[in-house]
Amino acid sequence: MKRLLATCLSSLCASLLLLSFRCAGAEAPSLNDLGFSQNQVQGNEQDQALLDKRSHMLQIHQRLGLITTAPLIATVLVAPGNHSSSSDRLLHGGLGLATATLYFTSASFAIRAPRVKGTKDKGPIRLHKALAWIHFPGMILTPILGAMADQQRNAGQKVHGIASAHGPVADVTVGAYLASILAVSVKF
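Computed from a prediction, not measured in an experiment: that's the story for all the values here.

Description of the overall build of the chain
Looking only at helices and strands, one finds 6 helices and 0 strands in the chain. If you list the helices and strands of the chain from N to C, you get α-α-α-α-α-α. Every one of the 188 residues in the chain was classed for burial, and the buried ones make up 25%. Counting contacts in the chain only where the partners sit at least 6 residues apart, residues at least 24 apart contribute 73% of the total. When the accessible area of the chain is evaluated, it comes to approximately 13100 Å², of which 64% is carbon and sulfur surface.

Right, dumping it as structure tokens:
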């Protein structure tokens, strides 16, 4: 990062020097005259390819993350109560499955995006990633607990044990997920 800053500062100084020569009507020195080698002036194709791939993958992550919000909210809205029909539970489960599929596809793009050495997460991105430690396990647990609750209901039992945590786990997961989107949508 320091090297990048030093390069930017050097480029700024060189630009100002070139501008002053032009204003004075003198012949401007070349970048070589200013101490920049040909390697420093040219971009690195490998680094640019890495940045392009990372940018593309994170854009897909963003789009899929926003698309995932629709079935997520629909799943919550059609959540069956204690005395629901099997068709209501089937719709809820189907929407939940669609949500989980989109969520993990989106997450895979962020996880597999190449990293740029020497960069550190700050501000909104740091909060976004911290919230992922809540909604990622929640997206794993919620369908498992939901399937357990559905099995108990289908067996004619009242939902009990760990399966009774399906609703609260889902609420926390949805809250963390929406807060994660909000964290990178609002500047602070």
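Read on for the rest.
So, the pattern of salt bridges
Applying the stated rule across the entire model yields 2 salt bridges. For Lys-129, the salt bridge goes to Asp-121, with nearest N and O atoms at 2.8 Å. For Asp-121, a relative accessible area of 35% corresponds to the partly exposed category.

Points about the packing of aromatic side chains
If you walk through the whole model with that rule in mind, you get 4 aromatic pairs. Here the aromatic rings of Tyr-103 and Phe-104 are separated by 5.1 Å at their centres, their planes lie at 85°, and the arrangement is edge-to-face. Look at Tyr-103 and you get buried, because its relative accessible area is 4%. Residue classification places Phe-104 among the partly exposed positions, given a relative accessible area of 30%. One aromatic cluster is present, built from ring pairs that chain together Tyr-103, Phe-104, Phe-136 and Tyr-177. Lying across the ring of Phe-109, Arg-112 places its NZ or CZ 5.3 Å from the centre.

Overview of the nonpolar core
Counting 6 residues, the largest nonpolar core is built from Leu-72, Tyr-103, Met-139, Val-174, Tyr-177 and Ile-181. Sorting elements by how many residues they give to this core places helix H6 (residues 166–185) first, with 3 residues. When residues no more than four places from it in sequence are discounted, the contact partners of Ile-181 are Gly-65, Leu-66, Thr-69 and His-128.

So, the confidence of the model for the chain
Taken over all residues, the pLDDT of the chain has a mean of 85, while the share at 70 or more is 80%. Across the chain, the secondary-structure element scoring lowest on mean pLDDT is helix H1 (residues 2–24), at 55, and the one scoring highest is H6, at 96.

Structural notes on the side chain of Thr-68
Within the fold, Thr-68 resides in helix H3 (residues 45–77). Thr-68 sits in the buried class, given a relative accessible area of 0%. If we ignore the near neighbours within four places in the chain, the residues touching Thr-68 are Thr-99, Leu-102, Tyr-103 and Tyr-177.

Remarks on the side chain of Thr-99
In this fold, Thr-99 is placed in helix H4 (residues 86–112). Among the residues examined, Thr-99 registers a relative accessible area of 3% and is labelled buried. A polar atom in the side chain of Thr-99 sits 3.2 Å from the backbone oxygen of Pro-71. Each residue touching Thr-99, except ones within four places of it in the same chain, is listed here: Thr-68, Pro-71, Leu-72, Thr-75 and Met-139.

What about the environment of Val-169?
With respect to the secondary-structure elements, Val-169 resides in helix H6. Sequence separation between Val-169 and Leu-145 is 24 residues; the distance between their C-alpha atoms is 8.7 Å. For Val-169, the residues in contact, after removing those within four places along its chain, are Gly-138, Leu-141, Thr-142 and Leu-145.

Quick look at the packing of helix H5 (residues 123–154) against H6
Running from amino to carboxyl end, H5 crosses H6 at an angle of 155°, the nearest separation of the two axes being 8 Å. By the angle class used here, H5 and H6 are roughly antiparallel. Note on packing geometry: the crossing formed by H5 with H6 is left-handed. Partitioned by chemical class, the residues of the contact of H5 with H6 number 17 nonpolar, 8 polar and no charged.

Quick notes on the rules
Residues numbered from 1 in each chain as written. Predicted model: local features only at pLDDT ≥ 70, side-chain atom pairs only at ≥ 80, totals over all residues. Heavy atoms only, no water. Helix = DSSP H or I, 4+ residues; strand = E, 2+ residues; numbered from the N terminus. Buried < 20%, exposed > 50% of the residue type's maximum accessible area, 1.4 Å probe, protein only. Contact = heavy atoms within 4.5 Å. Areas by Shrake-Rupley, 256 points an atom, 1.4 Å probe, with all protein chains shown as cover. Salt bridge = Lys/Arg side-chain N within 4 Å of Asp/Glu carboxyl O. Phe/Tyr/Trp six-rings, centres within 6.5 Å; stacked < 30°, edge-to-face > 60°. Lys NZ or Arg CZ within 6 Å of the ring centre and 35° of its normal. Core = buried A, V, L, I, M, F, W, Y, C linked by side-chain atoms within 4.5 Å. pLDDT = per-residue confidence, 0-100. Polar contact = N/O pair within 3.5 Å; in protein donor to acceptor, adjacent residues only side chain to side chain. Axes fitted to C-alpha atoms, helices over the stretch in contact; angles between N-to-C directions. Parallel < 35°, antiparallel > 145°, perpendicular 65-115°, else oblique. Left-handed = near helix turned anticlockwise from the far one by under 90°. Nonpolar A, V, L, I, M, F, W, Y, C, P; charged D, E, K, R; others polar.

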